[in-house]
Each structure stands twice: as structure tokens, then as C-alpha cells.
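This is what each chain is made of:
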Amino acid sequence: LFDLAIRAELAWSSTSFTYDGMYHLPTCVVSSLVAGDSCKSHVEGRQRDAGSYTAQATALTNDNYALWSGDALTCDFDIARRPITVSGIGAKDKVYDASVEATLDYAGVTLDGKVAGDALSVSATGVFESADAGDGTVVLSDLALAGDDERNYVLASSGQQETATARIAMRPIAAQALNQAIIC
């Protein structure tokens, strides 16, 4: 017996995605059909996380058509990491200690672009512009994402929070005069 199935031609599209928490596959369209026929391809290899993958056409919905091993049965596709913009990092007030080191507060952080339900957090380094007592600006650097879903995100190239504000209080001093302690 001879196989009289017509050779189906495949065309792939939609091969680039940005992570959105959903599963993705490229689109595979079957062409070179006889007028009036319809045929779709079954495609395997759907992925959710950011990365580079390969999808494969495995079957057709119309038995009058066949996939041929020399055809474009596979297609590479990418899911790009989703850009995140960070805001809301706070800095904690401190008592003067001659250093510019700042302690950051992440309670009010907003990660703009984060997909609901994903586990993602941020850390940073903060330093006061001046070690002197008074209201101060804390310069943020070394922003880093962490969490179970961190691999799906990247810090956006612009728009990140760069500073926070906090106060350095004057340090109380103790002086001793005439064998008595005086606190100023």
C-alpha cells in the first residue's frame, strides 16, 4: 500500500514572548492545503518561564495530510525576562555614628511589572550622602532581585528608585565635671 497523504507545509510565527506567567508556544500554520480543506497542527513544548526553547509539530488534524521529516517540524522560541521597576524603598533614621552606612526598609516596596502571585523581592545598598547629623539623602545602589521567580525578571534599564530620605539624629554626649555626670 502507498501512503497517499499530501505533504503539509508548516510556517512558524510568534516566536518571541515576554514573561507574563502564562504558558507560550509559537504559532504553527499548515499551508498548501487543497481548496476547502482545513488542517491544524498539534504543537508540543509549551513553556512558562523565561528562556530559550524548542517547540515541535507532532501531528495534524486532517488525515489527508502528513508531516515529513525533512520539513520544519521544530521551531526555536524565546520568552524574555520581564522588566521590573523598583520604588518605595525607605531608609531608617539613625543616631550619629560618624558613618554614612544606612539601614534600608523594604516594607513599602513596589515592584512595578511583577506578575501577581510570583515570589519576588528586592535588596539594595544604601549610604547617606553625608555622615553629619540632620535630614539626609540616602543614595541607593546594587539593586538586586531575589525569590523563587527571580529568573523571570530583570531590572528595567531606567526608572529605578535612586534615593531615599532619613534623618541622622545628634548623638547625646555625656560630660563629667566636678565628679558629677552631666548629660547634654
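Our subject is the structure that appears above.
Bear in mind that the values here come from a model prediction, so they are computed numbers and not experimental data. (Residues numbered from 1 in each chain as written. Predicted model: local features only at pLDDT ≥ 70, side-chain atom pairs only at ≥ 80, totals over all residues. Heavy atoms only, no water.)

Student: So what's going on with the side chain of Ser 41? Which residues, and what values?
Tutor: Note that Ser 41 resides in strand E5 (residues 41-44). Among the residues examined, Ser 41 registers a relative accessible area of 16% and is labelled buried. Apart from the residues lying within four places of it in its own chain, the contact partners of Ser 41 are Cys 28, Val 30, Ala 59 and Leu 60. (Helix = DSSP H or I, 4+ residues; strand = E, 2+ residues; numbered from the N terminus. Buried < 20%, exposed > 50% of the residue type's maximum accessible area, 1.4 Å probe, protein only. Contact = heavy atoms within 4.5 Å.)

Student: An account of the nonpolar core is requested, with residue identities and associated values reported.
Tutor: Counting residues in each nonpolar core, the largest one holds 37 residues, and the members touching the most others are Leu 10, Trp 12, Ile 84, Val 86, Leu 104, Val 138 and Tyr 153. Going through the elements one at a time, strand E2 (9-13), strand E4 (27-31), strand E6 (51-60), strand E8 (74-80), strand E9 (82-87), strand E14 (121-128), strand E15 (134-146) and strand E17 (163-169) are the ones with two or more residues in this core. Once residues lying within four places of it in the same chain are set aside, the contact partners of Ile 84 are Leu 111, Asp 112, Gly 113, Lys 114, Leu 120, Leu 145, Tyr 153, Val 154, Leu 155, Ala 156 and Gln 160. (Core = buried A, V, L, I, M, F, W, Y, C linked by side-chain atoms within 4.5 Å.)

Student: I'd like to hear about the environment of Lys 92, residue by residue, with values.
Tutor: Positionally, Lys 92 belongs in the loop between strand E10 (90-91) and strand E11 (94-95). Among the residues examined, Lys 92 registers a relative accessible area of 42% and is labelled partly exposed. Not counting the four nearest positions on each side in its chain, Lys 92 is found in contact with Thr 103, Leu 104, Asp 105, Phe 128 and Ala 166.

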